[in-house]
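# Descriptive structure summary
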Amino acid sequence: MQINIYLNQENSAKKNNELYHLEVMFDTKTKLVSLNKKIPVKKMFNSNYPYRSSMSKTMPIAFKKLSKHIIKRFNPKKILEIGSNDGALIQNFNRDNAICVEPCGNLAKITKRRGYFTYSNYWNIKLSKKIRKKFNVVDIIYSANTITHIENLDNVFKGITNILSKKGVLIIEDPSLLECIKKVSYDQFYNEHIYLFSATSLTNILKKFDLEIFDIQQLSTHGGSLRYYIKRKNNKDLKIKKKVLIQLNLEKKYQLHKFSTYLKFKSKVNNSKIRLIKILKNLKLLKKTIIGYGATAKVTTILNFCKIDNSLIDYFVDTTPDKKNKYVPGTNIVVKKYNKKLISSSQYMFLGAWNFKNEIFKKERKFLKKGGRFITHIPFPRII
Ligand code: JHZ
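Residues numbered from 1 in each chain as written. Predicted model: local features only at pLDDT ≥ 70, side-chain atom pairs only at ≥ 80, totals over all residues. Heavy atoms only, no water.

## Some details on the pairing of strand E7 (residues 164–175)
Along E7, ten of the twelve residues are buried, which leaves the element largely enclosed by surrounding structure. As judged from the six bridges shared by strand E6 (residues 138–144) and E7, these two strands associate in the parallel manner. Its bridge partner being in E7, alanine 144 is matched across the sheet by glutamate 173. You can see the chain leave E6, run along helix H6 (residues 153–163) and come back into E7, and the turn it takes is right-handed. Alignment of E7 against strand E10 (residues 225–232), held across six bridges, turns out to be antiparallel. Its bridge partner being in E10, glutamate 173 is matched across the sheet by arginine 227. (Buried < 20%, exposed > 50% of the residue type's maximum accessible area, 1.4 Å probe, protein only. Helix = DSSP H or I, 4+ residues; strand = E, 2+ residues; numbered from the N terminus. Pairing = 2+ DSSP bridges. Right-handed = clockwise from strand over helix to strand, strands pointing away.)

This is the structure we're talking about:
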């Protein structure tokens, strides 16, 4: 496993011994799926953090829609966002009503500059107490793709219950374990994704904090996510929606509570690896150039697990400025700045950012029209 850090030298992570064994665990009690090897938090989330939520069109649109929904449904006086990244969500809220928490200095700077009160700290009980002292309680806590990145869940939820008002609502969203199993999207497992939640495991975890899920939304973002609406158990004003039970039953149907499910998943992942390598090798025998599209954190798992190097994928293109001319962690594959010329001169592109397939297919209409083809491993390796 490689850390989601883009460096200037090829294979740099390997050279610096920053290579971790990626292994997935299953807790039979809570049914929680997690990584066995946790990486020091400062190595992952610091002022060089490469990911920006606003780099796609999809995410800002999704955040705008959600913000409208939050305002209409809950009309919060104060909203706190844990993991506010570059402000893609919070920008839809009034500065006076919002508090941002973002440990990555380079990102915190962006929301600060835009006038949002931003704590450039890791989320924990200590910070929660500090914020409460200044702002008192908040009505809404929102967190996307962040809670599953924090090792100490006890600390996370204690911090949340400390600052959430009695009738307050916690909204979190993260990739769905069920979608990962269905799509064989094993690349959802990488260093930052310490946990992959399901409604089942989250329900079990929340019990300890007297919290419960009262509504759930299935989202197409990030390869299939779940948005959980959570309240205090003793808040009887908010009724538990049917959707919660439906999701729990669905997860039962797919046997997410059984260890055997994960053994079957393992064998599907191994087959996926074999098929993907075969496709790439066959194209290379025909002397085709293959470009990687979107140097995602996820793709690092694929490339390192399948041992794909620049003899199979020539280079990646990505729109993120911080990734330009750097190497995909643990590989000798360079990331080039996205430009139309590179795309029009290629015939095959491997979809690293498969979770943005619709957006990318729309954007690359010309490439597809000219006979260009995409390669994806979701839900099984194939050329589209
Ligand atoms: P994307 C990151 O994961 C890290 P990643 C993190 N751990 C997490 O949970 C999720 O985000 C939310 C590029 N791109 O969103 C931009 C193009 O080049 O799948 C990004 O580098 N052109 C916090 O990295 C990457 O692809 C495009 O047209 O797996 C997408 O990264 C589009 C749409 C994207 O997250």
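Resuming the write-up.
## Describing the pairing of strand E3 (residues 79–82)
Neither face of E3 is open: one carries Ile79 and Glu81, the other Leu80 and Ile82, and all of them are buried. Pairing of E3 with strand E4 (residues 98–101), which is carried by four bridges, proceeds in the parallel orientation. The partner of isoleucine 82 across the bridge, within E4, is valine 101. In this structure, E3 lies alongside E6, joined through three bridges in parallel fashion. Bridging from a neighbouring strand, glutamate 81 pairs with tyrosine 142 of E6.

## Describing the site of the ligand
Near the ligand there are 24 residues, and of these His149, Glu192, Ala297, Lys298 and Asp318 occur at the shortest range. Contact with the protein chains removes 97% of the 730 Å² of surface that the ligand exposes when unbound. Going through the elements one at a time, helix H11 (297–305) and helix H13 (357–363) are the ones with two or more residues in the shell around the ligand. With three residues, the single largest contributor to the shell around the ligand is H13. Here the residues of the shell around the ligand sort into eight nonpolar, ten polar and six charged. (Near = heavy atom within 4 Å. Areas by Shrake-Rupley, 256 points an atom, 1.4 Å probe, with all protein chains shown as cover. Nonpolar A, V, L, I, M, F, W, Y, C, P; charged D, E, K, R; others polar.)

## Considering a positive patch on the surface
On the surface, Lys57, Lys362, Lys363, Arg365 and Lys369 cluster together into a positively charged patch. Going through the elements one at a time, H13 and helix H14 (365–369) are the ones with two or more residues in the positive patch. With respect to the element layout, lysine 363 can be found in helix H13. (Patch = residues over 30% accessible without salt bridge, like charges linked within 9 Å, V, L, I, M, F, W, Y side chains within 5 Å. Salt bridge = Lys/Arg side-chain N within 4 Å of Asp/Glu carboxyl O. Lys, Arg positive; Asp, Glu negative; His and termini not counted. Charge placed at Lys NZ, Arg CZ, Asp CG, Glu CD.)

## Section: the side chain of glutamate 179
You can see glutamate 179 is positioned in helix H7 (residues 177–183). If near-sequence neighbours (up to four positions away) are discounted, glutamate 179 is found in contact with Ser185, Gly223 and Gly224. (Contact = heavy atoms within 4.5 Å.)

## Digging into the packing of aromatic side chains
Counted according to the given criterion, the structure contains 16 aromatic pairs. Where phenylalanine 45 meets tyrosine 49, the ring centres are 5.5 Å apart and the plane angle is 50 degrees; that geometry is what we call tilted. Judged by its relative accessible area of 9%, phenylalanine 45 is buried. Within the aromatic cluster, the residues linked to one another by ring pairs are Tyr293, Tyr338, Phe361, Phe367 and Phe374. (Phe/Tyr/Trp six-rings, centres within 6.5 Å; stacked < 30°, edge-to-face > 60°.)

Shape descriptors only; they carry no functional weight alone.
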